[in-house]
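Spelled out, the chains give:
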Amino acid sequence: MTTLSTPSQLKPLPETPCRECGSVLTTDPRFVQWCQSCGWNAHPGATVAKTRGDRFDRRLNRAAEERLYRRLTVTTGPRPTRGAAWFGAYALAGLVHLINLAVAVSGVTLLTINAWPSRIVGGFLVAVAVLHRPKLGSMRRIRKRSLLLSRDDAPALYALADRIAADLGTAPARVICFDQKHNASYGRVGLRRQPVLTIGIPLWETLLPQQRIALLGHEFGHGANGDTTRGLWVGAALRSLDEWYGMLVPGRRLAPDGRTAAAGLAAVGELVARVVMFVFAELTLLLHLLLLRVTVLTSRPAEYLADALAARVAGTAAAEELLQSLTLGQAVEQVRQQRSRQVPGTGIPNRRRGDAPTAAPPRQDFWTDLREYVASIPESERARRLRVSELDDSATDSSHPPTHLRLAFLRQLPASPPSITPTTSEIAAIETELTAVRAAVAAGLE
């Protein structure tokens, strides 16, 4: 079978000395050329923290994580301490919910007044309150966004997930879903707050069996670590503020030309409305940023605790390998681009007009290409991506601590063997159960 380009098929870059220290730069033409000795060019797009917000974010990252290193250990238990940040997050979220309740009460009150202007405003306020009500989520929405496997569809996967949840002392997943992201998530939906586990197939397919245990352990760890952002009270407040801001930010004018007296009067009214809405939008944004600042002090400890729980069920080594794998999310896009340059249904590049036809060998499936590409990424490139995390304080997303700090936290914990190790038959059964899911997701990615 013809595969994607590997280092053996590509001509390496000529050996070039580093302009800073004279050491030889990396030579893999697929990746950034950098110096492993002094770090020159490790992050060509790095930005200096110039703004006050950037400096605050970086100070927050470093100071908060240093405190966590001193405080958190495996023996501290699954829940972080409920300090001032936890109470502050709940108080701010309560303020948001009170504002939404006040809008709803005001709207209902205005509807009772026997005057059509009051009823129009009241109806608008009630509609706004309904729009910004706490969202509980639903299985129906989950089915629209992802592929859902029931317990009958994947008994081996559910059995393994249940073992991990029981080991961590948290509720088992009501449903397990799959999507196209290089990520995984854990949350609760509905009035009964049923646990839902979502796994990105691109991430799952590039992990070894024990790393998958670490992934499941980390996500189930969020069910036991008291993460406020995953709860209904604070999470609903954050989503509500997002929706308020989206409604208040002024949109574009529908008819920018045509100046009449009526249009001029309308423009003055629109200007006043824009000013008023701008003020409320900025206040909403300020409250949202403040709530985020407070919740990050509780959500980030929860991430560290989830990493510690992942190390407990999968072993410290597998938990570290999982974190390193999270930096390889761009591999999916690289494979997609290279496969798009091949003749559909074959493994050969698209030929130019006038070229002689070439025999078309069978093409490997998307997941084989992805696994081989990830396996071919050299240690120098993996080290560079971790260096980028350190230089940029970057993470998989804004809710997580920087990856290099999460690795440092794990490495300071006592090394522990895995409490759960999948058997060969379990691994084979799960692979069979996910056959249809892999095919469906691959079809959407190509």
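Look above for the structure.
Here's what I pulled together on the structure shown here. (Residues numbered from 1 in each chain as written. Predicted model: local features only at pLDDT ≥ 70, side-chain atom pairs only at ≥ 80, totals over all residues. Heavy atoms only, no water.)

## What to know about the overall build of the chain
(1) Moving on: Across its full length, the chain holds 16 helices and four strands.
(2) Moving on: By the burial criterion, 42% of the 446 residues in the chain qualify as buried.
(3) Moving on: Within the chain, residue pairs in contact and separated by at least 24 positions form 67% of the contacts whose partners lie at least 6 positions apart.
(4) Moving on: When the accessible area of the chain is evaluated, it comes to approximately 23700 Å², of which 60% is carbon and sulfur surface. (Helix = DSSP H or I, 4+ residues; strand = E, 2+ residues; numbered from the N terminus. Buried < 20%, exposed > 50% of the residue type's maximum accessible area, 1.4 Å probe, protein only. Contact = heavy atoms within 4.5 Å. Areas by Shrake-Rupley, 256 points an atom, 1.4 Å probe, with all protein chains shown as cover.)

## As for the packing of aromatic side chains
(1) Moving on: Evaluation of the coordinates by the stated rule reveals four aromatic pairs.
(2) Moving on: Each ring, one from Phe 366 and one from Trp 367, has its centre 5.0 Å from the other, and the planes form 85 degrees; the classification is edge-to-face. (Phe/Tyr/Trp six-rings, centres within 6.5 Å; stacked < 30°, edge-to-face > 60°.)

## Some remarks on the nonpolar core
(1) Moving on: If you look at the biggest cluster of nonpolar residues, it comprises 67 residues, and the most contacted ones within it are Ile 164, Ile 176, Phe 178 and Phe 220.
(2) Moving on: If one sorts the elements of this core by residue count, helix α5 (residues 155-168) sits on top with eight residues.
(3) Moving on: Each residue touching Phe 220, except ones within four places of it in the same chain, is listed here: Ala 161, Ile 164, Ala 165, Leu 168, Thr 170, Ala 171, Pro 172, Ala 173, Tyr 186 and Leu 197.
(4) Moving on: One finds Ala 89, Val 96, Leu 238 and Leu 241 within the second-largest nonpolar core, a separate group that totals nine residues. (Core = buried A, V, L, I, M, F, W, Y, C linked by side-chain atoms within 4.5 Å.)

## So, the pattern of salt bridges
Note that side chains of opposite charge can pair when their charged atoms are close.
(1) Moving on: Taken as a whole, this structure holds 13 salt bridges when the rule is applied.
(2) Moving on: The partner of Arg 336 in a salt bridge is Glu 333, with the nearest N and O atoms 3.8 Å apart. Highlighted residues: Arg 336 and Glu 333, both in helix α11 (residues 331-340), separated by three residues, approximately one helical turn.
(3) Moving on: Arg 336 gets classed as partly exposed once you look at its relative accessible area, which sits at 33%. (Salt bridge = Lys/Arg side-chain N within 4 Å of Asp/Glu carboxyl O.)

## A few points about the sheet that holds strand β2 (residues 175-179)
(1) Moving on: Taken in spatial order, the four strands of this open sheet run β1-β2-β4-β3, and their pairing is mixed. Of all strands in the sheet, those bounded by a partner on one side alone are β1 (147-149) and β3 (184-189). The sheet shows a mean angle of 25 degrees between the axes of neighbouring strands, direction not considered.
(2) Moving on: With three bridges joining them, β1 and β2 adopt antiparallel strand pairing. Each residue of the ladder has a partner; that of Leu 147, found in β2, is Phe 178.
(3) Moving on: The strands that α5 touches are β1 and β2; relative to β2, the one it contacts most, it runs at about 110 degrees.
(4) Moving on: In this fold helix α16 (residues 435-445) packs onto β1 and β2, with an angle of close to 180 degrees to the strand it touches most, β1. (Pairing = 2+ DSSP bridges. Axes fitted to C-alpha atoms, helices over the stretch in contact; angles between N-to-C directions.)

## Side note on the state of the cysteines
(1) Moving on: Using the criterion set out here, one finds zero disulfides in the structure.
(2) Moving on: With no disulfide partner, Cys 18 has as its closest neighbouring cysteine sulfur the one in Cys 38, 3.6 Å distant.
(3) Moving on: The cysteine Cys 21 is free of any disulfide, with Cys 35 supplying the nearest cysteine sulfur at 3.5 Å.
(4) Moving on: A relative accessible area of 39% means that Cys 21 is categorised as partly exposed. (Disulfide = S-S within 2.5 Å.)

## Details of α5
(1) Moving on: Its 14 residues give α5 an end-to-end C-alpha distance of 20 Å, which sits within 8% of 20 Å, the value for a rise of 1.5 Å per residue.
(2) Moving on: For α5, the complete set of buried residues consists of Ala 156, Leu 157, Tyr 158, Leu 160, Ala 161, Ile 164, Ala 165 and Leu 168.
(3) Moving on: Taken from the residues just after α5, Gly 169 is the one with a positive phi, measuring 75 degrees. (Expected span 1.5 Å × (residues − 1).)

## Points about the packing of helix α7 (residues 209-221) against helix α10 (residues 316-325)
(1) Moving on: Running from amino to carboxyl end, α7 crosses α10 at an angle of 85 degrees, the nearest separation of the two axes being 8 Å. Taken together, the axes of α7 and α10 lie roughly perpendicular to each other. Contacts between α7 and α10 involve Gln 210, Gln 211, Ala 214 and Leu 215 from the former and Ala 318, Ala 319, Glu 321, Leu 322 and Ser 325 from the latter.
(2) Moving on: Tallied by class, residues from the contact of α7 with α10 come to five nonpolar, three polar and one charged. (Parallel < 35°, antiparallel > 145°, perpendicular 65-115°, else oblique. Nonpolar A, V, L, I, M, F, W, Y, C, P; charged D, E, K, R; others polar.)

## What to know about the environment of Arg 151
(1) Moving on: Tracing the chain through its elements places Arg 151 in the loop between β1 and α5.
(2) Moving on: On a C-alpha basis, the gap between Arg 151 and Val 175 in space is 7.7 Å, while along the polypeptide they are 24 residues apart.
(3) Moving on: Each residue touching Arg 151, except ones within four places of it in the same chain, is listed here: Tyr 158, Asp 162, Pro 172 and Ala 173.
(4) Moving on: In terms of polar contacts, Arg 151 uses its side chain to reach the backbone carbonyl oxygen of Ala 173, at 3.2 Å. (Polar contact = N/O pair within 3.5 Å; in protein donor to acceptor, adjacent residues only side chain to side chain.)

## Some points on the packing of α11 against helix α12 (residues 366-376)
(1) Moving on: The interhelical angle for the contact between α11 and α12, taken along N-to-C directions, is 120 degrees, at an axis separation of 10 Å. Our classification of the angle between α11 and α12 gives oblique. In the crossing of α11 with α12, the sense of the turn from one axis to the other is right-handed. Residue-level inspection shows Ala 331, Val 332, Gln 334, Val 335, Arg 336 and Arg 339 of α11 in contact with α12, the latter providing Phe 366, Asp 369, Leu 370, Tyr 373 and Val 374. (Left-handed = near helix turned anticlockwise from the far one by under 90°.)

## Examining the pairing of β3
(1) Moving on: Judged from the six bridges that link them, β3 and strand β4 (residues 194-200) form a sheet pairing that is antiparallel. Each residue of the ladder has a partner; that of Val 189, found in β4, is Gln 194.
(2) Moving on: From the end of β3 to the start of β4, which pair antiparallel, there are four residues, and Gly 190 there has a positive phi angle of about 80 degrees.

## Details of the pairing of β2
(1) Moving on: Counting buried positions along β2 yields five of five residues, so the element is predominantly enclosed.
(2) Moving on: Taking every second residue as pointing to the same face, both faces of β2 are buried, with Val 175, Cys 177 and Asp 179 on one and Ile 176 and Phe 178 on the other.
(3) Moving on: Note: β2 against β4, five bridges, orientation parallel. From the neighbouring strand, Phe 178 faces β4, where its bridge partner is Ile 199.

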